Each structure stands twice: as C-alpha cells, then as structure tokens.
Amino acid sequence: MLFYAAKRIGLTAVIVTAIVFTLFCLIHLIPGDPAAVALGPYATPEMEARFIEKMQLDKPVHVRFLSFAWNALQGNLGEDIFSERPVSRIVAEALPYTIALAFASLGWAILIGIPLGCFSAAHPNSWIDRLTGVISIATITIPSFVVSIYSLLIFSVTLRWFPVIGAGEAGDLGDQLWHLVLPAFAVGLGWVGYLARMVRASMLEVLGETHIRSARAFGLPERVVVYRYALRVAILPTVTLLGMGFGSAFSGAVFAEIIFSRPGIGKLIYDMVVARNYPVVQGGVMTAAILFVTATLIADLVAAALDPRMRANL
Amino acid sequence: MLQEGISRRDLMLGAGVLTAGCLTGEVIYAQGRTILRSRNKADIESLDPLTMGTTQEREVMTATLPRLARVVTTGGAYDWEPSVYVESFEIVDDTTIAFKLKPGFNWSSDFGELTAEDVKYSFERAKGDSQWKDKWAAFDRVEVTGEYSGNIVLAYPFPAFTLTVLAHGMACVVSRAAVEAAGGKYTVEMPATCGPYMVKEWIPKQRMSLVPDPQWPGEKPDFDEVQAILVAEITAAELAYEAGELDVTQISPEGFLRYEEALPAGSAIANAGHLNYAWLGMNTEHPKLSDIRVRKAIQHAIDVDTALQAGFSGSVIKANGIIPPGLAGHREKSGYDYDPEKARAVLAEAGVSGLELDLKTMNLPERLVIAQVFQANLAAVGIKVNIIPLEVGTYWNQGREKKGEEWKDLQIYLTRFGGGLDPSGYVNWFVKEQIGNWNWERWTDPEFEELYLAAAKESDTEKRAEMYLRMQQIMEDTGAYVWLWHDPESFIHRTAIVPSIVPGGEFEYAYFKKA
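Remember, it's a predicted structure, so these values are computed and weren't measured experimentally.

A.B. asks: Explanation requested: the nonpolar core in the structure shown.
C.D. replies: As a rule of thumb, nonpolar side chains are buried together in soluble globular proteins. F123, W136, I152, F161, I298, F430 and Y509 of chain B are the most contacted members of the largest nonpolar core, which totals 137 residues. The next biggest cluster of nonpolar side chains, apart from the first, holds 68 residues, and it includes V164, I259, Y278 and V281 of chain A.

Spelled out as structure tokens, the structure:
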C-alpha cells in the first residue's frame, strides 16, 4: 500500500507540473495585449513599459515559467501586479469559499444520489426506478450555469428566499450557509443524477453476485443485504468518481461563483484572466490543479484501501 | 489504509470538520443601522493617489481624503466649487491659484492637522512618479505661504486645471507624515485618512466598508455605514438590486431599457454625464478608403437614428461630434445627413463599385446590433460589409502600430472613447503624434494642431468653444467619421436615497443623502 501511495504521489507531482506548464503557456497565448487590457486603452508608454517589466513580458515563456516554478517551490507565488499583495494570500482568501462550495455541492448530491441509486437498484424496473432514471438524466443534462441562473431568478429575485450575491458575513456561519444553498444546489444537482445512475448500475451488478445470493439464502433482511453488503462493494467505482467529482465541482463552481458573485477561486481566476493579472492567474491555476489531482489521489488511495486489487494497477 | 486505523466514520468526520473550518471567519455583522449598499464593479487595488486607477478606488479616496475642489453640475454644464476643506480659493492669474485650508481637519492615527505642507507634498509627489503624471503636466509647484495657505503655480496656463485635476481623485491630499512613515507609498492600507468617512474594513474580493469618522469636524454623513460590494457582472448587480441586496448600482444599456419599461417599486434612474463618445471610423490611408469621396459616401449612407434606435432604443444622445453635451465645443448638428441617393451618386462619381469592407467592432451586444444596421445601410448603396467582432484586448490593438500588423489592414471600425470634464481631453487623441497610436483614422491637419495647443491655454470660454467647434469640423471634413452617440453612465437607486454621482459616474459617498 505504501509503495502504491508513493507511486501515485510521484505521478501526481508530474501531472501538476504538466498542467501548470500547459496552462502557463495557454495564458500567454490569449490574444490581446496584456498591457492594453490591464491598464486601459489610455495608458502612457511609460506605464506600459513598467507593466511589461514587472510582468516579465519581455522574457520568453519558458524563462518566466522556470522563474515562477522556482519561486513557487519556495512558497512564493509572486505579487498581484496592481495591489502588490502576495498571490498566496489572495489565493488563500478565496480558496475556502470554493472548497466549501465543492464539499457542500457533492455533500448534498451524495446524500440524495446514493440512496436514490440503491433504491432504484433494489426495485429495478418499478415505476419509481423509471422515474428516478428520468430525473437523473434530466439533472445530468442541465448545465450547472443554467441551474444557477434559473435558481437565482426564481428563488432569489422573485421569491427572495435566498441571497443573490456574496458568500455571507465572515464569522456568521448561518449566513454563510444561507449564501451557500443556491450555489451548492446548482453545482451539485447534476451530481445527484450521476451518482444515482452510477450506484444503480454497480448495485445491479453486485446484487446478482453469489455472496449476495448467499446472504439472502441465510435470511438476512433485504435492507441489510442492500446497504451493508451490496453497497460496500458497489460504492468502489463511486469513490473514484467522487475524486473526479471534486475537480468537476471546481469547474462548475466557476459559473456559480460568477453568477452568485462568490469570492471563490474560480471567479478569482476568471477575473484575473480578463484583467491579464498573470501572477494571480498562475497562482490560482496551480492551486486549483493541485486540489484537483489531490482529490483524485485521495479517491484512488481510499479505493485502493477498500479494494486491494486496485493497488496492483497504477 | 482504513483497516490501519482510519475508519470511514473518521473520514466523514474529517471532511465535515474541514468544511466547517472553511466557513468560519472573524467579523460579526452589525445590525440596526442605516447602511448604504452600493456596487463595486472591481476590487480595490490601490488607494494611493499615485497609483489608483479605477472609479471605485476614487470613490473611497474622495470619501476619506481631502481635496481642494469638487465637481458640480449647473444647468447641464460642468463646473467646480471649493471643497469643504477650503476657506478660500482664488484664481490669481493664468498660472497661479491661491488657496487657504480651514483649520481643524485632523489626520487619523495622530498624524496631526491637515496643512498646506500636505498639499505641497501630495501634488509634487503626484507630478513626479505617478500613474497620472501626464494629467499633472501643467502643474509646476506649490508655494507654501502659511500653515494653511499656499499658491499652486502652473508651468503654463491651463484654465481647466481645477476642474480636470484638482477636483479629481488624483488630487486627493495625503498626510506627508503618514506616507513618509509608510515608506513613501502604499496600496490599500491607507496610513491616515481625513474625511467624512473612514475605512472600517476591506474584505478582498468582497467589499469595502466605510463608517463615519468620529473626529470629522464637518457635517455628519447621512449613513452609518457604506458597503461597496464587489459585483463584477453588471447584470448580476441588476439582479442583486432587484432582490433588495443593493441600494444603488450602475446599469447596462439593456438594463436601462428594461427599467424604463418597468421600474422596480421604490426605484428611480439617475444619469451621470454623457461623457462617452462613439463613432464609425475610417482609415484614410487604406487603399479602399483613401478617396475622400468614398468616405463621404459612407457618411451619407449610414442611418444613425435607426442604428441608435436598434442598439439603444433611444436611450443615448445622438452625437454630432466628439465633445459631449455640457462641455464647451459641443456641436448641435453635424454637417452631413443620411442620404443614400447622394451616397450612391458620390460613389459613382468616384468610380467605385463592388466595394467590400471589413467592419471591426468590440463583441458587445448593442454594438453588434448597430454594426448589422450599418451593414444593411452600406449594402443599400452597394458596399458589402463583413462584420468582425473582437474581444476587448484584441480590439484595442487594431490601430496601434506597436501592437502588430493589424493597423495596416484596418478599414472601418465602430469605436467608443470616454472623456473627462474638459474638451482638451477629447481632441487630444486625434493630433498628429497619435497617428499609429489612437488616431486610427491616420490624418493630420496643421490648423487642427495649432488649435489644439491654443485651445488648451485659452481662458475665454467662448473663444475656446469656437476653437473646439472648428476642430470637430476639421475632423468631419476628412470624411473619416460618422458621429454616433454619447451614452450616459446610468444608475438605478432606491427612492429613499438621493445619490450624488459625478459626471464621470463616480459616487460621492459623503454627499449621498436620505430622501
């Protein structure tokens, strides 16, 4: 297990480096003059020259990347070019809001999706199974930004049940949870369907296996057979999926954060790309990439812990 | 791994703790006070007059730092008045302004009283290494004549100096002692304030909160707190307003039309100045457009009224030049009319047929609609137009020589600039030295150059206006312009508040009142 974990962690480091380098190059391929966009069309040549020097835009991309990577290894992600605040601090301020949104989104999706999948598998081809299937597919196919916009218009603007903007008052947990409801609903809705379909498919396969037949033959209650024996095995693919889901929730969070004006890392990266504030973009992207692959790594390690056969496959 | 000591229950507990940990902060929100909630369209990056750049930064600065003058609008024209910090303010001659500060305005953090030395330090610092140093070009020095008094000396006559510089956020005064103690510069942590409001807290990427300064000797502001909440997307801000989470916000052209049809209860729309100016430009050096008759034909072919109705439903003022209403030199009428017959005749006279042009525009909804109207207008006179929508950063490179090769093939383009409170800030983009930079039409005229220099120094308002009118006539005579619109900065607000918005669209929080 330790060897498996070490190999996965090593691979994770390579993946993070590759992601950051690729995105680093892509950022610099964005059309438009960074100085013109960042400083506005009326910036003087002196201002543009200062900007270019500060951003190292006069140096080749690989030089800038190596400089960034070397500093990042020492915990220095650079400075915001306008406010001169440390990027690490800016990212650290935004990160909790996105992590909270990702956990809340997947959390409610797990609470609804997994029992729904189990119930469907336990009652295959019943009307409730068919209804669950329709609802699942529907939730999967509706993009999270559409859910965000409509939920905002219905529940915030029209009914005024939930707030439109922000993440709530710092220190007021209730207010923060209140502000989290609609974004988490929007980001997590698709995952309810995914999880329900995934668990249903796995459960149907497991429920047909011999050890389940044996359990039933011993007269164990159906609830115990389904939720204690079958689900334990059927949940394995779902655990791996959840690792990916965390990363997916991150990307879904970008739209939700823009629409609900939440100060998370997705919105931070979006705003900074628009402003061509490269140091913050680089720091934000690197952090997001690390979170994504770390979530995947944790999911893989958990799956390997639950199923020793997986440790043989890297 | 789980068998080695961590159960699934532990895992779930850990995740729960992590989630809860992410949600906790440190500040408790105060209830039961009069709070004004406005929209910030971008986060605060700098509150130092040297490096600040955005509207929302100036809004905070003008509420928390002294200025010598402020902008006022009288009968649709823009003027200035001495600020509350000033006891006397006199234009002595073309290059000297004498001022005397009122005593008793104290800097926070025990940095003493506001003095003329602070004014001298602030202005001379701004002229030296400032993002705004071009605007300070006419300024030479401040001569301190007493603890509270001094003379502002200009390097050359510039009648608009008070309105365009002293009344602007770039001329906010800082405490010399405080800034020097901070190392000579700062960004968002203001070392000392001296205004009706002071900064309560700044939560990055969320909001800036201001509260009345208890040591402010003047009239207490009407609001117990101002929360400038960051909502980058204007449509999100409109929804937040409709949901009751903002009290005042700028609105988009689409929002303006929507609210004109159905204004939310207890709301009103306020327009700041129409200081923006848009036109259809033509590159006079491009082979397809080098014949002035082709350009004149395009002037006659464009139906501006229809285009503005399609793009803005009449919510903007039709432009007849670049200088907007309220400023010296504003034109009431252009020298050409929409006349497709004449356009066809002029094209025939020039021997042009089968002309095909690229029309570049920023990819904004209203501009794309207007571009399509132009496309139809020009098709009606035999000119085929290909609309090329561009993202903002790419668009602003199109006519600039040092940004690539695009300028060589620039043909016609729909563009819009924003200006200040003096006409000199409108015509400066079209002088000879701007060819290859912002003079995308790429023409030059000796009379225009002379007038440009002379008008900036002319103190007679009527003569000045005549000069700017003449300059716009010269521009129009090149055939390189179809004047389009002056759009306002529009805002929606609760009728329970009376907003104070300067013509450029900045909030003056200290002057916001309860209705």
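A.B. asks: How should helix α10 (residues 222-259) of chain A be read in this particular structure?
C.D. replies: Helical periodicity: at 3.6 residues per turn, an α-helix aligns residues three or four positions apart in one direction. With 38 residues, α10 of chain A should reach 56 Å at 1.5 Å per residue; the first-to-last C-alpha distance of 45 Å falls well below that figure. One or two positions beyond α10 of chain A, positive phi appears at S261 of chain A, with a value near 50 degrees.

A.B. asks: Looking at this structure, how should I read the domain arrangement of chain B?
C.D. replies: The extent of an interface is frequently quoted as the accessible surface area lost upon association of the parts. All names here are of chain B. Partitioning chain B into domains gives domain 1 (1-63 + 195-272 + 492-515), domain 2 (66-190) and domain 3 (276-486). Taken over both partners, the interface formed by domain 1 and domain 2 buries close to 2200 Å², and the fraction arising from carbon and sulfur atoms is 59%. Taken together, the links from domain 1 to domain 2 amount to three salt bridges. Residues E508 and R67 are paired through a salt bridge, measuring 3.3 Å at the closest nitrogen-oxygen approach. Partitioning the side of domain 1 that touches domain 2 into residue classes produces 13 nonpolar, seven polar and four charged.

A.B. asks: Sorry, what's going on with the side chain of E366 of chain B here?
C.D. replies: Turning to its location among the elements, E366 of chain B is positioned in helix α11 (residues 365-380). For the buried residue E366 of chain B, which engages in no salt bridge, the nearest side chain bearing the opposite charge is R367 of chain B, 4.4 Å off.

A.B. asks: I tried to follow the sheet that holds strand β16 (residues 384-390) of chain B on my own but got confused; where do I start?
C.D. replies: Consider a sheet: its strands pair through backbone hydrogen bonds, and that pairing is either parallel or antiparallel. Residue and element names in this part refer to chain B. Overall, mixed pairing links the six strands, which are arranged β14-β18-β13-β17-β15-β16 in an open sheet. Strand pairing shows two members of the sheet lacking a second neighbour, β14 (317-318) and β16, which therefore form its edges. Its contacts with the sheet place helix α8 (residues 292-301) against β13 (276-282), β15 (356-362) and β18 (481-486), and it is angled at close to 135 degrees to β13.

A.B. asks: Is there a simple way to think about the sheet that holds strand β6 (residues 139-144) of chain B in this case?
C.D. replies: All names here are of chain B. Spatially, the four strands line up as an open sheet ordered β4-β5-β7-β6, and their pairing is antiparallel. The open sheet terminates on both sides in strands that have one partner only, identified here as β4 (86-93) and β6. Across the sheet, the mean angle from the axis of one strand to that of its neighbour is 20 degrees, orientation sign disregarded. Across six bridges, β4 lies against strand β5 (residues 96-101) in antiparallel orientation. Paired with D93 across the strands is T96, a residue of β5. With respect to the sheet, helix α3 (residues 116-128) is in contact with β5, β6 and β7 (149-154), its orientation differing from that of β6 by roughly 165 degrees.

A.B. asks: For this particular structure, what's the right way to read the packing of α8 of chain B against helix α10 (residues 340-350) of chain B?
C.D. replies: Axes are the key here: two packed helices are described by the angle between their axes and the distance separating the axes. Residue and element names in this part refer to chain B. At a minimum axis distance of 8 Å, the contact between α8 and α10 shows a crossing angle of 165 degrees. The angle between α8 and α10 falls in the class roughly antiparallel. Relative to α10, the crossing made by α8 is left-handed. In this structure, α8 contributes R293, V294, A297, H300 and A301 to the contact, and α10 contributes P340, K342, A343, V346, L347, E349 and A350.

A.B. asks: Sorry, what's going on with the environment of Y229 of chain A here?
C.D. replies: Residues and elements named next belong to chain A. Mapped onto the fold, Y229 is located in helix α10. For Y229, a relative accessible area of 37% gives the class partly exposed. Taking the C-alpha atoms as reference points, Y229 and L159, 70 residues apart in sequence, are found 44 Å from one another. When near neighbours in sequence (up to four residues on either side) are disregarded, Y229 contacts H211, I212, L220 and V224.

A.B. asks: It is not clear to me how helix α12 (residues 278-306) of chain A should be interpreted in this structure. Could you clarify?
C.D. replies: Taking 1.5 Å of rise per residue, the 29 residues of α12 of chain A would be expected to cover 42 Å, and the 42 Å separating its terminal C-alpha atoms lies within 8% of that figure. The element α12 of chain A is extensively covered by neighbouring structure, given that 24 of its 29 residues are classed as buried.

A.B. asks: Could you clarify how one ought to interpret the environment of Q472 of chain B in this entry?
C.D. replies: Residue and element names in this part refer to chain B. Mapped onto the elements, Q472 comes out in helix α15 (residues 461-477). Separated by 143 residues in the primary sequence, Q472 and G329 have C-alpha atoms spaced 8.5 Å apart. Excluding residues that lie within four positions of it along the chain, Q472 makes contacts with G321, I322, I323, G329, R331 and W483. A polar side-chain atom of Q472 sits 3.2 Å from the main-chain amide nitrogen of I323.

A.B. asks: Would you explain the packing of aromatic side chains in this entry?
C.D. replies: The description of an aromatic ring pair uses the distance of the two centres, along with the angle that the planes make with each other. Residue and element names in this part refer to chain A. Tallied over the full model, the rule gives 41 aromatic pairs over all chains. Seen from their ring centres, F145 and F255 are 5.5 Å apart, and the 45 degrees between their planes marks the pair as tilted. Remark: F255 occurs in helix α10 and F145 occurs in helix α7 (residues 144-158); sequence separation between them is 110 residues. Residue classification places F255 among the partly exposed residues on the basis of a relative accessible area of 41%.

A.B. asks: I would appreciate a short explanation of unusual backbone geometry in the present structure.
C.D. replies: Most of the time, phi is negative for any residue but glycine, and the peptide bond is trans. Residue and element names in this part refer to chain B. Although it is not a glycine, S109 sits at a positive phi angle of roughly 55 degrees. In this structure, S109 sits in the loop between β5 and α3. One non-glycine residue, R442, lies in positive phi territory at about 60 degrees. On the secondary structure map, R442 appears in the loop between α13 (424-427) and α14 (446-457).

Thresholds applied
Residues numbered from 1 in each chain as written. Chains lettered and ligands numbered in written order. Predicted model: local features only at pLDDT ≥ 70, side-chain atom pairs only at ≥ 80, totals over all residues. Heavy atoms only, no water. Core = buried A, V, L, I, M, F, W, Y, C linked by side-chain atoms within 4.5 Å. Buried < 20%, exposed > 50% of the residue type's maximum accessible area, 1.4 Å probe, protein only. Helix = DSSP H or I, 4+ residues; strand = E, 2+ residues; numbered from the N terminus. Expected span 1.5 Å × (residues − 1). Domains from an automatic or database assignment. Buried area = accessible area lost by both parts, 1.4 Å probe. Salt bridge = Lys/Arg side-chain N within 4 Å of Asp/Glu carboxyl O. Nonpolar A, V, L, I, M, F, W, Y, C, P; charged D, E, K, R; others polar. Lys, Arg positive; Asp, Glu negative; His and termini not counted. Pairing = 2+ DSSP bridges. Contact = heavy atoms within 4.5 Å. Axes fitted to C-alpha atoms, helices over the stretch in contact; angles between N-to-C directions. Parallel < 35°, antiparallel > 145°, perpendicular 65-115°, else oblique. Left-handed = near helix turned anticlockwise from the far one by under 90°. Polar contact = N/O pair within 3.5 Å; in protein donor to acceptor, adjacent residues only side chain to side chain. Phe/Tyr/Trp six-rings, centres within 6.5 Å; stacked < 30°, edge-to-face > 60°.

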